[in-house]
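Each chain, letter by letter, is given below.
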Amino acid sequence: MTTKLLEVNNLKQYFPIKGGVFGRTVNQVKAVDDITFHVNEGETLSIVGESGCGKSTTGRAVLRLDDPTSGEINFDGENLLQLNKRQMREKRKDLQIIFQDPYASINPRQTVRQVLEEAMAIQNVLPKSERLDKILELLDIVGLGPHQLDRFPHEFSGGQRQRVGIARALAVDPKFIICDESVSALDVSIQAQILNLLKQLQREYHLTYLFIAHDLGVVRHISDRVAVMYLGNIVEIGEKQEIFDNPKHPYTKSLLSAIPVPEPDRKQERIVLKGDVPSPIDPPSGCRFHTRCPFATEKCKNEVPKLRKTETMTGTHQAACHYIEDIESGRKQPNY
Ligand code: SF4
């Protein structure tokens, strides 16, 4: 039986824009605007989308690194938005994050030993006398050795630093880890090593991941399910195979059409979107994708499409488009 470890309901994250002599709020950046999703225990849900779509903001909101504007974040049966600061600090033992740039998130003046020791001390993990054994075990788990214990971050390669970042997240025995573009800055071969390490750790320690990425190749490798975000909304969500083999939303199709195909003889239609992503300060009305969508109509400008399932979708697959059936049957043609 699958258990939902994280349930996010109607999450909104708006950031105020201050202006004028009195520094009043003159507008808002609607970075995340009413999204709902869940992550099952032991699975990896990836959130994918272009930069600025709200995927990292979602991760930060789940951890309450930024306090959300509204919504509900239930973790292990508890609404995180109702916890006070102290309770939330304690809760972070269960919810950890691995950032894109471990160099920026690890104190450059601390050795690996100090970094891991500090992570455990903050959450009161083990008596001080037993922590060194745990630190050595963690280094071994992430593929580093005891000889690296007293090295500083600058003495490591990018991949090794990310291993330190993973060890730091694991130091407090979390249940849930947010990987925020955690392999984006690494070379492809190192990316593969880190992804394999994350998968191995997930199996061994029954970890649950929210994996945030813009690279669909990486997402394909690591995910069980995928959520596609566009301008603060989830436009499609479902099992990985469904999203990759049976995409329904025109935006998902355009993202997938940009992935290079390994077989040179196989023809793939590239869907090139017009224009840039609009500003989240004043997002388009109706379907937010209508300014770039080749199928857009007046209805798209006026009515917000809801996530829904059609007869040709399986599992938990849903997409937010008024014309899924018409596009699929060919009744609706792109207006290029
Ligand atoms: Fe395109 Fe309209 Fe569907 Fe939005 S609702 S994705 S604009 S066809």
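Computed from a prediction, not measured in an experiment: that's the story for all the values here.

1. What to know about the pairing of strand E4 (residues 70–75)
The side chains of a regular strand alternate between the sheet's two faces. Two elements, strand E1 (residues 4–19) and E4, share five bridges in a ladder whose sense is antiparallel. The partner of Asn9 across the bridge, within E4, is Glu72. Bridge count for E4 against strand E5 (residues 78–79) is two bridges, and the pairing is antiparallel. When the sheet's bridge partners are listed, Phe75 is paired in E5 with Glu78.

2. Some words on the nonpolar core
Counting residues in hydrophobic clusters, the biggest one holds 63 residues, and the most contacted among them are Ile166, Leu170, Leu198 and Phe211. Apart from the residues within four sequence positions on either side, Leu198 is in contact with Ile98, Ile166, Cys179, Tyr209, Phe211 and Ile222.

3. Side note on the pattern of salt bridges
Applying the stated criterion across every chain yields a total of 19 salt bridges. Two residues, Glu78 and Lys91, come together in a salt bridge whose shortest N-O distance is 3.0 Å. Placement of the pair is Glu78 in strand E5 and Lys91 in helix H2 (residues 85–91), with a sequence separation of 13 residues. Relative accessible area serves as the criterion here: at 32%, Glu78 is assigned to the partly exposed category. The network of salt bridges with common partners includes Glu78, Lys91 and Asp94.

4. Some remarks on the sheet that holds E5
The pairing of strands in a sheet comes from backbone hydrogen bonds and takes either a parallel or an antiparallel form. Ordered by their spatial adjacency, four strands build an open sheet running E2-E1-E4-E5, and the pairing between neighbours is antiparallel. Bordering the open sheet on either side are strand E2 (24–40) and E5, each of which pairs with just one other strand. By the bridge criterion, 13 bridges tie E1 to E2 in an arrangement that is antiparallel. Each bridged residue has a counterpart across the sheet, and for Glu7 the counterpart in E2 is His38. Together, E1, E2 and E4 form the strand contacts of helix H1 (residues 55–62), whose direction differs from that of E1 by roughly 110 degrees.

5. Examining the packing of helix H4 (residues 112–122) against helix H6 (residues 158–170)
It is the contact of H4 with H6, at a shortest axis distance of 8 Å, that shows an interaxial angle of 25 degrees. Looking at the two axes, H4 sits roughly parallel to H6. For the pair H4 and H6, the sense of crossing is right-handed. On the side of H4, the interface is formed by Val112, Val115, Leu116 and Ala119, while H6 contributes Val164, Ala167 and Arg168. Its residues assigned to classes, the contact of H4 with H6 shows six nonpolar, no polar and one charged.

6. Considerations on the sheet that holds strand E10 (residues 233–239)
Pairing is mixed across the open sheet formed by seven strands, whose spatial order is E6-E7-E8-E3-E9-E10-E11. The open sheet is flanked by strand E6 (95–98) and strand E11 (318–319), the only strands paired with a single partner. In this structure, E6 lies alongside strand E7 (residues 176–180), joined through four bridges in parallel fashion. Paired with Leu95 across the bridge in E7 is Phe176.

7. Details of the packing of H4 against helix H5 (residues 128–141)
Packing of H4 against H5 brings their axes to within 10 Å, and their N-to-C directions diverge by 120 degrees. With respect to each other, H4 and H5 are oriented oblique. Crossing hand, H4 versus H5: right-handed. Taken together, the residues of H5 that come into contact with H4 (itself represented by Val112, Arg113, Leu116, Glu117, Met120 and Ala121) are Lys128, Arg131, Leu132, Lys134, Ile135, Leu138 and Leu139. Looking at the contact of H4 with H5 residue by residue, the classes come out as eight nonpolar, no polar and five charged.

8. Quick look at the site of the ligand
Close to the ligand lie His249, Pro250, Cys287, Phe289, His290, Cys293, Phe295, Ala296, Cys300, Cys321, His322 and Tyr323. Cavity membership is defined here by more than half of the atoms lying within 2 Å of grid points; on that basis the ligand lies in the largest cavity. Within the shell around the ligand, the residues separate by chemical class into nine nonpolar, three polar and no charged.

9. Describing H4
Taken together, the buried positions of H4 are Val112, Val115, Leu116, Ala119 and Met120. Projection of H4 onto a plane perpendicular to its axis shows the buried side chains occupying an angular sector of 125 degrees, all on one side. Taken together, the buried residues of H4 touch H5 and H6. Two residues or fewer past H4, Asn124 is found with a positive phi of approximately 55 degrees.

10. Describing empty space enclosed by the protein
Counted according to the given criterion, the structure contains three cavities of 30 Å³ or more. The calculated volume of the largest cavity comes to roughly 80 Å³. In this structure, the largest cavity is lined by 14 residues; those nearest its centre are Cys287, Cys293, Cys300, Cys321 and His322. Of the residues belonging to the lining of the largest cavity, the class tally is eleven nonpolar, three polar and no charged.

11. What to know about the pairing of E7
With five of five residues buried, E7 is to be regarded as a mostly interior element. Because side chains alternate across E7, one face comprises the buried residues Phe176, Ile178 and Asp180, and the other comprises Ile177 and Cys179, equally buried. Pairing analysis gives five bridges linking E7 to strand E8 (residues 208–213), with the strands arranged parallel. Its bridge partner being in E8, Ile177 is matched across the sheet by Tyr209. On the question of chirality, the crossover connecting E7 to the parallel E8 by way of helix H7 (residues 188–205) is right-handed.

Parameters and conventions
- Residues numbered from 1 in each chain as written.
- Predicted model: local features only at pLDDT ≥ 70, side-chain atom pairs only at ≥ 80, totals over all residues.
- Heavy atoms only, no water.
- Pairing = 2+ DSSP bridges.
- Helix = DSSP H or I, 4+ residues; strand = E, 2+ residues; numbered from the N terminus.
- Core = buried A, V, L, I, M, F, W, Y, C linked by side-chain atoms within 4.5 Å.
- Buried < 20%, exposed > 50% of the residue type's maximum accessible area, 1.4 Å probe, protein only.
- Contact = heavy atoms within 4.5 Å.
- Salt bridge = Lys/Arg side-chain N within 4 Å of Asp/Glu carboxyl O.
- Axes fitted to C-alpha atoms, helices over the stretch in contact; angles between N-to-C directions.
- Parallel < 35°, antiparallel > 145°, perpendicular 65-115°, else oblique.
- Left-handed = near helix turned anticlockwise from the far one by under 90°.
- Nonpolar A, V, L, I, M, F, W, Y, C, P; charged D, E, K, R; others polar.
- Near = heavy atom within 4 Å.
- 1 Å grid on protein atoms, 1.4 Å probe; cavity = no way out; pocket = protein on both sides within 12 Å on 5 of 7 lines; lining within 4 Å.
- Sits in = over half its atoms within 2 Å of the grid points.
- Arc of directions from axis to C-beta.
- Points joined across faces, edges and corners; volume = space filled by probe spheres on them.
- Right-handed = clockwise from strand over helix to strand, strands pointing away.

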